Amino acid sequence: MTIRFGVSPIAWINDDMPELGAETSLQQVLQDAQAIGFVGIELGGRFPKAPESLKPLLETYSLDLVGGWYSASLLTRTAQEEIEALQPHLALLKAMNCSVFIIAETSNAIHGQRETALQERPHLTEAQWRVFGQRLTEVADYIYAQGLKCAYHYHLGTVVQDKADLAAFFTCTGPQVGITLDTGHAVLGGIDPFDVIEHHADRIQHVHAKDIRQSIFDETAGQADSFLNGVLAGMFTVPGDGSIDFARLFSALAKIGYDGWIIVEAEQDPKRADPRLYAQKGLDTLKHLSQAAGLSELALNP
């Protein structure tokens, strides 16, 4: 089993709040990621979407494209309609030799609405779960047939946020519907990431290593505030700077033989939290803990 460390550009340039990092160039993000020691990066809104432009750009900084968020609308369109809609994104990932397709249902999500309290996030009825699960399974089967792993991203402010949601999700979807194990969204959403690792190891296709500041969440999005205001207040941070036990997490991942990418991710206001300094802290923390847990990096890692 081998792991590789990548990073999300969201700490530098935030796609949900374009004003965060608006002055930062994509070249600066890539330069920082390489200098810190990452070997991969996830897709961001500023990235060129044509492989003939993106591939040489990332090669300049010795970075692989890990994958990138895809917003699905399976509550409002059929699986076949979704498959047609995702073709440009899938084509880019395939051209860039990505192994994972990160997907999340956003047709009724509220995480991008700064004036909407997180408590107003959507819920599905039992009948809706069945339809959603069937459609997502069909899409995941298609993605798998195309050579990529489907990694659904549960997320605050969406239909898959808490423990009950995730239980229904696993019940209503087929085995090719994997997940992105996002530690920060799990803990703040009421999901135990260690329980997920223990009981649903076969579904874990991707990992987002994100730490939290519980007290800030409790004072903002955990009360009557929005997800974005919680982000601005600092409810997320990088591993080693919050309260999640990443030593335990890496031991659990080693136990199940996790093989794949681990992404340092923490959306913060870059003017308050220097992206390069925080990303360095996150990577240094994870490298130390992964070695202690017996997780090995891919040989080509620097």
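Scroll up to find the structure this text is about.
Counting restarts for each chain, with residues numbered from 1 along the sequence as it is written. This being a predicted model, a pLDDT of at least 70 is required before a residue's local features are given, and a value of 80 or more before pairs of side-chain atoms are given or counted; all residues contribute to the totals for chains, interfaces and linings. Side-chain calculation: all heavy atoms of the structure are included, whereas hydrogens and water are not.

Description of the environment of T76
This is how it is decided: Per the convention used, a helix needs a DSSP run of H or I reaching at least four residues, while a strand needs a run of E reaching at least two, with both numbered from the N terminus. The classification of residues rests on relative accessible area computed with a 1.4 Å probe and restricted to protein chains. Under 20% of the type maximum is buried, over 50% is exposed, and intermediate values are partly exposed. Residues count as neighbours in contact if any of their non-hydrogen atoms are within 4.5 Å of one another.
Among the structural elements, T76 can be located in the loop between β4 (69-72) and α3 (79-85). Here T76 falls in the exposed class, since its relative accessible area comes to 61%. Residues T76 and N108, 32 residues apart in the sequence, show an inter-C-alpha distance of 9.2 Å. Those residues in contact with T76, other than ones at most four positions away along the chain, are S107 and R135.

Digging into the environment of E105
Going by this rule: Pairs of N or O atoms are called polar contacts if they sit within 3.5 Å, as long as, within protein, a hydrogen donor faces a hydrogen acceptor (for residues adjacent in sequence, only side-chain-to-side-chain pairs).
Its place among the elements puts E105 in strand β5 (residues 100-105). In the structure, E105 is positioned 33 residues away from A72 in sequence and 4.7 Å away in space, judged by C-alpha atoms. Excluding its chain neighbours within four sequence positions, the residues that come into contact with E105 are A72, S73, L74, L75, F132, Y152, T158 and V159. Here the side chain of E105 touches L75 through a polar contact of 3.3 Å, landing on its backbone nitrogen.

Here's the deal with unusual backbone geometry
Positive phi outside glycine occurs at S62, with the angle close to 55 degrees. Locating S62 in the fold gives a position in the loop between α2 (51-60) and β3 (64-65). Among the residues examined, S62 registers a relative accessible area of 53% and is labelled exposed. Non-glycine residue N97 carries a positive phi angle of around 60 degrees. As for its placement among the helices and strands, N97 is situated in the loop between α4 (87-95) and β5.

Some points on the pairing of strand β7 (residues 177-182)
Just so we agree on the cut-off: DSSP calls a pair of strands paired once it identifies at least 2 bridges connecting them. Note on handedness: a clockwise path from strand one over the helix to strand two, with the strands aimed away from the viewer, defines a right-handed crossover.
With six of six residues buried, β7 is to be regarded as a mostly interior element. Alternating positions in β7 separate into two faces, V177, I179 and L181 on one and G178, T180 and D182 on the other, with burial throughout. Sheet topology note: the strand β6 (residues 149-152)/β7 ladder contains three bridges and is parallel. Across the sheet, the residue bridging to C150 is V177, located in β7. Handedness of the crossover is the feature at issue here: the chain leaves β6, passes through helix α6 (residues 163-172), returns alongside β7, and the resulting connection is right-handed. The pairing of β7 with strand β8 (residues 204-209) spans four bridges and is classified as parallel. Within the sheet, the bridge partner assigned to I179 lies in β8 and is I204.

Section: the pairing of β8
Where burial is concerned, most of β8 is hidden: six out of the six residues are buried. Bridge count between β8 and strand β11 (residues 260-264): three bridges; the pairing is parallel. Along β11, the bridge assignment pairs A209 with V264.

Side note on helix α5 (residues 126-145)
Here is the rule we go by: Here the expected length of a helix is defined as 1.5 Å per residue gap, with one fewer gap than residues.
Given a rise of 1.5 Å per residue, 20 residues ought to cover 28 Å, and the 29 Å separating the end C-alpha atoms of α5 matches this to within 8%. Taken together, the buried positions of α5 are occupied by W129, F132, G133, L136, T137, V139, A140 and I143. Each element contacted by the buried residues of α5 is listed here: α3, β5, β6, α6 and β7. Looking one or two residues past α5, G147 carries a phi angle of roughly 100 degrees, positive in sign.

Topic: the nonpolar core
Just so we agree on the cut-off: Side-chain atoms within 4.5 Å link the members of a nonpolar core, which is a set of buried Ala, Val, Leu, Ile, Met, Phe, Trp, Tyr and Cys residues.
Counting residues in hydrophobic clusters, the biggest one holds 95 residues, and the most contacted among them are F169, M235 and I262. In this view, F169 contacts W129, F132, L136, Y152, V160, V177, G178, I179 and R203; residues no more than four positions away in its chain are not counted. Grouped together as the second largest cluster of nonpolar side chains are seven residues, V100, I102, A151 and I263 included.

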